[in-house]
Amino acid sequence: AGMNGTAIENFVCVIYNVSFMNCTWQVGRTASGDTQYFLYWKTSRKEDLTECQNYIKDNCGRHTGCRFQNVTIENKRAYFLVNGSRSGQNIQSHEKTIMLYKIEKLTPPLNVTVNCREASHVCEISWQPPRTSHVKRHACFKYEIVIENK
């Protein structure tokens, strides 16, 4: 159970640079200064929950996030649990399930080249898809090109 307002708020995760993930949160509104939070997660029902190995801390030393490496997206759904402890007070836990592909911040396209022919006023722009751990079909990407006259 736990007292209202002690659970974390604004839990957000983002995957970047293909296989890194950060999850962050804010301390509960009524949580006291000696409250400590712990994040556990798993990516399949069969797995056991594992605790964060690399916490992000605030000025008071409280855990306000976690850094992950070697995260694989595939079609995985991740389950997160953040609970807390404090002397003499139960802390409300926070649970969230996230489809990992939805939180990936893609890297920019690779090897962008521009070839312009002045005579015909034609430019050819080419690139390769961004690096990602899970998208096999390049047709899945949409691109936007912004052209500015300088």
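Reading the values: the criteria
Residues numbered from 1 in each chain as written. Predicted model: local features only at pLDDT ≥ 70, side-chain atom pairs only at ≥ 80, totals over all residues. Heavy atoms only, no water. Helix = DSSP H or I, 4+ residues; strand = E, 2+ residues; numbered from the N terminus. Rg over C-alpha atoms; globule rule 2.2 N^0.38 Å. Contact = heavy atoms within 4.5 Å. Areas by Shrake-Rupley, 256 points an atom, 1.4 Å probe, with all protein chains shown as cover. Phe/Tyr/Trp six-rings, centres within 6.5 Å; stacked < 30°, edge-to-face > 60°. Pairing = 2+ DSSP bridges. Axes fitted to C-alpha atoms, helices over the stretch in contact; angles between N-to-C directions. Buried < 20%, exposed > 50% of the residue type's maximum accessible area, 1.4 Å probe, protein only. Core = buried A, V, L, I, M, F, W, Y, C linked by side-chain atoms within 4.5 Å. Disulfide = S-S within 2.5 Å.

Enquirer: Help me out: how do you make sense of the overall build of the protein chain in this one?
Expert: The number of helices and strands found in the protein chain is zero helices and ten strands. Mapped in sequence order, the helices and strands of the protein chain form the string β-β-β-β-β-β-β-β-β-β. The globule rule puts the C-alpha radius of gyration for 150 residues at 15 Å, and the 21 Å found for the protein chain is more than 25% above it. Referenced to the eigenvectors of the C-alpha coordinate spread, the extents of the protein chain come out at roughly 80 × 40 × 20 Å. Considering only contacts in the protein chain between residues 6 or more positions apart, those separated by 24 or more positions represent 55%. For the protein chain, the accessible area works out to roughly 10,300 Å², and carbon and sulfur atoms hold 47% of it.

Enquirer: What exactly am I supposed to notice about the packing of aromatic side chains here?
Expert: Pairs of aromatic rings are described using the distance from one ring centre to the other and the angle between the two planes. The full count for this structure, using the stated rule, is seven aromatic pairs. Judged by centre distance (5.4 Å) and plane angle (55°), the ring pair of F11 and F80 falls under tilted. With F11 in strand 1 (residues 9–16) and F80 in strand 7 (residues 77–85), this residue pair connects regions lying 69 residues apart in the sequence. One aromatic cluster is present, formed by F11, W25, W41, F68 and F80 through successive ring pairs.

Enquirer: Would you explain the sheet that holds strand 2 (residues 20–26) in this entry?
Expert: Hydrogen bonds between backbone atoms are what pair the strands of a sheet, whose relative direction is either parallel or antiparallel. Ordered in space as 1-2-6-5, the four strands form an open sheet in which the pairing is antiparallel. Here the strands that pair on one side only, and so sit at the sheet edges, are strand 1 and strand 5 (55–57). Strand-to-strand twist across the sheet, computed as the mean angle between neighbouring axes with direction ignored, equals 20°. As judged from the four bridges shared by strand 2 and strand 6 (residues 63–68), these two strands associate in the antiparallel manner.

Enquirer: Would you explain the environment of C140 in this entry?
Expert: Along the polypeptide, C140 turns up in the segment after strand 10 (122–128). When its relative accessible area of 47% is taken as the criterion, C140 is described as partly exposed. On a C-alpha basis, the gap between C140 and P129 in space is 9.8 Å, while along the polypeptide they are eleven residues apart.

Enquirer: Can you walk me through the nonpolar core in this structure?
Expert: Across soluble globular proteins, you tend to see nonpolar side chains buried next to one another. Counting 25 residues, the largest nonpolar core has F11, M21, L39 and F80 as the members making the most contacts within it. Mapped by element, the contributors of at least two residues to this core are strand 1, strand 2, strand 3 (36–42), strand 6 and strand 7. Sequence-distant contacts of F11, that is, excluding residues within four places in its chain, are made with C23, T24, W25, L39, F80, V82, H94, K96 and I98.

Enquirer: Which parts of the structure should I look at to understand the pairing of strand 9 (residues 110–117)?
Expert: Taken residue by residue, a regular strand's side chains alternate between the two faces of the sheet. Among the eight residues in strand 9, zero count as buried, and that is only a small part of the element. What sits between the antiparallel neighbours strand 9 and strand 10 is a turn of four residues, in which H121 has the positive phi angle 55°.

Enquirer: Teacher, can you tell me more about the state of the cysteines here?
Expert: As used here, a disulfide is simply a covalent bond connecting the sulfur atoms of two cysteines. Across all of its chains, the model carries three disulfides by this definition. Paired by a disulfide, C52 and C66 hold their sulfur atoms 2.0 Å apart. Taking the sign of the S-S torsion, 100° for the link of C52 and C66, the bridge is right-handed. Of this pair, C52 sits in the loop between strand 4 (50–51) and strand 5 while C66 sits in strand 6; the two residues are 14 residues apart in sequence, bridging distant segments of the chain. Each of the two residues, C52 as well as C66, counts as buried.

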